[in-house]
Amino acid sequence: MPRPIEIRTSPHLKRAISVDRIMRNVVFALLPICAFAVFQFGLSALLLLLTTTGVAIATEWFFSRMSERGSTVSDWSVVITGILLGLTLPPGFPLWMAAVAAFVGVALGKAFFGGLGYNVMNPALVGRAFVQAAFPVAITTWTPAFAPGRFVELIPSTLTMPFMRPEPVADWVAGLNLDAWTGATPLALQKFQHIEVPLLDNALGLVAGSSGETASLLILACGLWLAFRRMLDWRIPLSVMAGAALTALPFWLMDGNLYPTPWFVLCSGGLMLGAWFMASDMVASPVTARGAVIYGVFIGSLTVFIRLFGGLVEGIMYAILLGNAVGPLISSWTQPRIYGVVKKTRESSQP
Amino acid sequence: MAESSTPTSSAGKSGPAPILFDREENLTADTFLRGLWKENPVFVTMLGMCPTLAVTNSAINALGMGLSTTFVLVVSGALISLLRNWIPKQVRIASYIVIIATFVTIVDYLIQAVSLELYAALGAFIQLIVVNCIILGRAEAYASKQRLVPTLVNSLGTGLGFTLALLSLGTVREILGNGSILGIPLFGSDFQGWLVMILPPGGFFVLGAWMMLFNWLRLRKERRTAASSGVTAHAG
């Protein structure tokens, strides 16, 4: 009996790699960063991460129940959104505001566009941008890293009643009797007082800042692990970093006292986390190789321009959101020419 | 708007044409309710988006804007309906604008006299009622073809629909943005306002949320009627 001949189109070789496998690996890569965030900021950071992740999962579950596409909670992508959002918020951020951010991020950033694969922008950053606009004071209230007693007591603003104004943390911080606490992050110190914190402290994350953005070297290591496992496009983070460093370089050469060093630019704020884990969002970034580089350099240099000349201290969030917005355009501009196809002229490309 | 407005004069009929009210006119509850819900100017036909997004940052502003627009809508509609057989077709838009602008000027001075605070809050948007699509749309599509009483009823329904839409935006934005409603604080002094809700993006967010809710309700209703009619069809 002759065996039936099966005719299929390419690809003929496949790897056993799926959406939820990649997403699970990203979550694994984020776990060391979460652990360091908890080690650095204590219970408050832990509660913050649990809140954002929990609310993000609940929101995804609710909206996938309302839609007819079936549940997409189990593909782990929403867990990444929740963790990333928690990592970008200040450690003492009130939990109810974090819940608002997670809800808005998943609902407005993802569910309304049709769920995973259809979101135009990174959902975590949509949520963060919303609370940045809604609660500008709370999201720029920083607390010191490695505060004594961080594993037994919470930052007072963490457990604010819903819809209520968070307690000011200044008195609590004064009670800690810390030396050299100015209430500013390295970025703000550099921008307003032109003082750079020591490079090693900054790279290792021994400074104040958002709960999971400070440890640049750790984030770099986790990102590299993912990149070597081919779970993210290495072009995007590297071109974001290159774009940021190369944009900062001429300003630093012009006036080293006023402008930050390129390595400070790379190690401070959310640049590292943004470059490795947010700009590289598979859905919201360009699909072509050349497009990925253009997109990365655009985000990196825009970040530096916002930091140096904008009203805000940090610019990576808006830079990535803008990059996401122009991503499809970059994709369509950089479509590779198919082998054997003559380059289209302007007239012939018109339908 | 593109359709030509041939005034439905009762030429050809015997006897003098009734100006105010005609038994043959379809004056049903729908004349009033259509503008309020089924053809709500904001949520369904999406007209007048500019004041909807711009002045709904508090309930009182929304109410002031909605009632002003309703007044202009009703009175200008009435005048246009009365004059519909005398306005030449070629210059009808200009004539409507003159009529509308007259009443907008009245409202403008009235609000300035009654509450300078509200006048300052509403700013140029009072004057901009002149070019509000809802009013011109009603004039062109309804008042220029109908008798006085149906026009009054229909304009009032549309105006109240607009006011309700603005209020639904204004209350949500004021509650979240200021923790108050019509200026009365609801949550005490410790309330944390959502700054974005008073700013222009809040208008887009709240409008989108309300439209999502109403579209969802409408779809659900359509699905249910379709399902029930399907069942009866099978049973029959």
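Everything quoted here is computed from the prediction, not taken from an experiment. (Residues numbered from 1 in each chain as written. Chains lettered and ligands numbered in written order. Predicted model: local features only at pLDDT ≥ 70, side-chain atom pairs only at ≥ 80, totals over all residues. Heavy atoms only, no water.)

Asker: Teacher, can you tell me more about the overall build of chain A here?
Answerer: Within chain A one finds 15 helices and zero strands. At 22 Å, chain A has a C-alpha radius of gyration in line with the 20 Å of a compact globule built from 351 residues. For chain A, the spread of C-alpha atoms along the principal axes amounts to about 85 × 50 × 35 Å. Here the contacts in chain A between residues at least 6 apart in sequence split such that 76% fall between residues at least 24 apart. A total of about 17,300 Å² of accessible surface is found on chain A, and carbon and sulfur atoms cover 67% of it. The average position of the 22 basic charges and that of the 17 acidic charges among the side chains of chain A differ by 15 Å. (Helix = DSSP H or I, 4+ residues; strand = E, 2+ residues; numbered from the N terminus. Rg over C-alpha atoms; globule rule 2.2 N^0.38 Å. Contact = heavy atoms within 4.5 Å. Areas by Shrake-Rupley, 256 points an atom, 1.4 Å probe, with all protein chains shown as cover. Lys, Arg positive; Asp, Glu negative; His and termini not counted. Charge placed at Lys NZ, Arg CZ, Asp CG, Glu CD.)

Asker: Explain the overall build of chain B here, please?
Answerer: Helix and strand counts for chain B come out as nine helices and two strands. Going through the 236 residues of chain B one by one, you find that 43% of them count as buried. Long-range contacts, defined as pairs at least 24 residues apart, comprise 76% of the intrachain contacts of chain B with a sequence gap of at least 6. Counting every atom, chain B has about 12,200 Å² of accessible surface; 69% of that belongs to carbon and sulfur. (Buried < 20%, exposed > 50% of the residue type's maximum accessible area, 1.4 Å probe, protein only.)

Asker: How should I be thinking about the domain arrangement of chain A in this particular structure?
Answerer: A common way to express how large an interface is: the accessible area buried when the components associate. Residues and elements named next belong to chain A. Along its sequence, chain A is organised into domain 1 (18-141 + 143-183) and domain 2 (184-334). Computed from C-alpha atoms alone, the centre-to-centre distance between domain 1 and domain 2 is 20 Å. At the interface, 41 residues of domain 1 touch 36 residues of domain 2. Of the roughly 3,000 Å² buried where domain 1 meets domain 2, counting both sides, 70% is carbon and sulfur surface. The interface formed by domain 1 and domain 2 holds zero salt bridges in total. Our enumeration of links across domain 1 and domain 2 arrives at 10 residue pairs in polar contact (both at pLDDT 80 or more). Listed by contribution, the elements that provide at least two residues to the side of domain 1 that touches domain 2 are α1 (19-41), α2 (43-66), α3 (77-88) and α5 (123-134). (Domains from an automatic or database assignment. Buried area = accessible area lost by both parts, 1.4 Å probe. Salt bridge = Lys/Arg side-chain N within 4 Å of Asp/Glu carboxyl O. Polar contact = N/O pair within 3.5 Å; in protein donor to acceptor, adjacent residues only side chain to side chain.)

Asker: I keep staring at the packing of aromatic side chains and nothing clicks. Help me out?
Answerer: Each aromatic ring pair is summarised here by two numbers: the centre-to-centre distance and the angle between the ring planes. Per the counting criterion, the structure on display carries 26 aromatic pairs over all chains. Ring plane angle 80° and centroid distance 6.5 Å describe the contact between F36 of chain A and F146 of chain A, whose orientation is recorded as edge-to-face. Of this pair, F36 of chain A sits in helix α1 while F146 of chain A sits in the loop between α5 and α6 (170-175), placing them 110 residues apart in sequence. Residue classification places F36 of chain A among the buried residues on the basis of a relative accessible area of 18%. Counting every residue linked through ring pairs, the aromatic cluster contains W96, F130, F135 and F163 of chain A together with F187, F191, W194 and F205 of chain B. (Phe/Tyr/Trp six-rings, centres within 6.5 Å; stacked < 30°, edge-to-face > 60°.)

Asker: Sorry, what's going on with the nonpolar core here?
Answerer: The biggest cluster of nonpolar side chains holds 120 residues, and the ones touching the most others in it are L30, L87, F93, F130, V131 and F277 of chain A together with W194 of chain B. Excluding residues that lie within four positions of it along the chain, F130 of chain A makes contacts with V100 and V104 of chain A together with W194, V196, M197 and F205 of chain B. Among the nonpolar cores identified, the runner-up in size contains seven residues, and A184, A188, V207 and F264 of chain A belong to it. (Core = buried A, V, L, I, M, F, W, Y, C linked by side-chain atoms within 4.5 Å.)

Asker: Where do I start with helix α1 (residues 29-38) of chain B in this structure?
Answerer: Side chains three or four residues apart in an α-helix point the same way, a direct result of the helix having 3.6 residues per turn. Residues and elements named next belong to chain B. All of the buried residues in α1 are T31, G35 and L36. Across the axial projection of α1, the buried residues extend over an arc of 125°, all falling on one side. Away from the buried face of α1 by more than 90 degrees, exposed residues A29 and K38 are located. Along its buried surface, α1 packs onto α6 (133-143) and α7 (148-178). (Arc of directions from axis to C-beta.)

Asker: Help me understand the interface of chain A and chain B, please; the structure alone is not making it clear to me.
Answerer: Taken together, the contacts link 16 residues of chain A with 15 residues of chain B. Carbon and sulfur atoms supply 72% of the area buried between chain A and chain B, which totals about 1,300 Å² over both sides. On the chain A side of the interface with chain B, the three residues burying the most area are F130, F163 and R165 of chain A, jointly 39% of the side's total. For the pair chain A and chain B, the number of links is zero salt bridges. Taken together, the links from chain A to chain B amount to six residue pairs in polar contact (both at pLDDT 80 or more). Secondary structure elements with two or more residues in the side of chain A that touches chain B: α4 (95-109) and α5 of chain A. Here the side of chain A that touches chain B takes four residues from α4 of chain A, the largest share from any one element. Of the residues in the side of chain A that touches chain B, the class split is 14 nonpolar, no polar and two charged. (Nonpolar A, V, L, I, M, F, W, Y, C, P; charged D, E, K, R; others polar.)

Asker: Hey, could you run me through the packing of α6 of chain B against α7 of chain B in this one?
Answerer: Packed helices, taken two at a time, are described by the angle their axes make and the gap between the axes. Residue and element names in this part refer to chain B. Interaxial distance between α6 and α7 falls to 11 Å at its minimum, and their mutual angle equals 155°. Comparing the axis directions of α6 and α7 gives the class roughly antiparallel. Judged by the sense of rotation from one axis to the other, the crossing of α6 with α7 is right-handed. Taking contact as the criterion, the partners of I134, R138, Y142 and A143 in α6 are, on α7, P150, T151, N154, T158 and F162. (Axes fitted to C-alpha atoms, helices over the stretch in contact; angles between N-to-C directions. Parallel < 35°, antiparallel > 145°, perpendicular 65-115°, else oblique. Left-handed = near helix turned anticlockwise from the far one by under 90°.)

Asker: Explanation requested: the pattern of salt bridges in the structure shown.
Answerer: When the charged atoms of two side chains with opposite charge come close together, those side chains can pair. What the rule picks out here adds up to seven salt bridges over all chains. A salt bridge links R24 of chain A to D20 of chain A; the nearest nitrogen and oxygen atoms lie 3.6 Å apart. Placement of the pair is R24 of chain A and D20 of chain A together in helix α1, with a separation of four residues, close to one helical turn. You can call R24 of chain A partly exposed: its relative accessible area is 29%. Classification of D20 of chain A by relative accessible area gives partly exposed; the value is 28%. D233 of chain A is the salt-bridge partner of R235 of chain A, the closest N and O atoms lying 3.2 Å from each other. In the salt-bridge network here, residues are joined through shared partners; they are D30, R34 and K38 of chain B.

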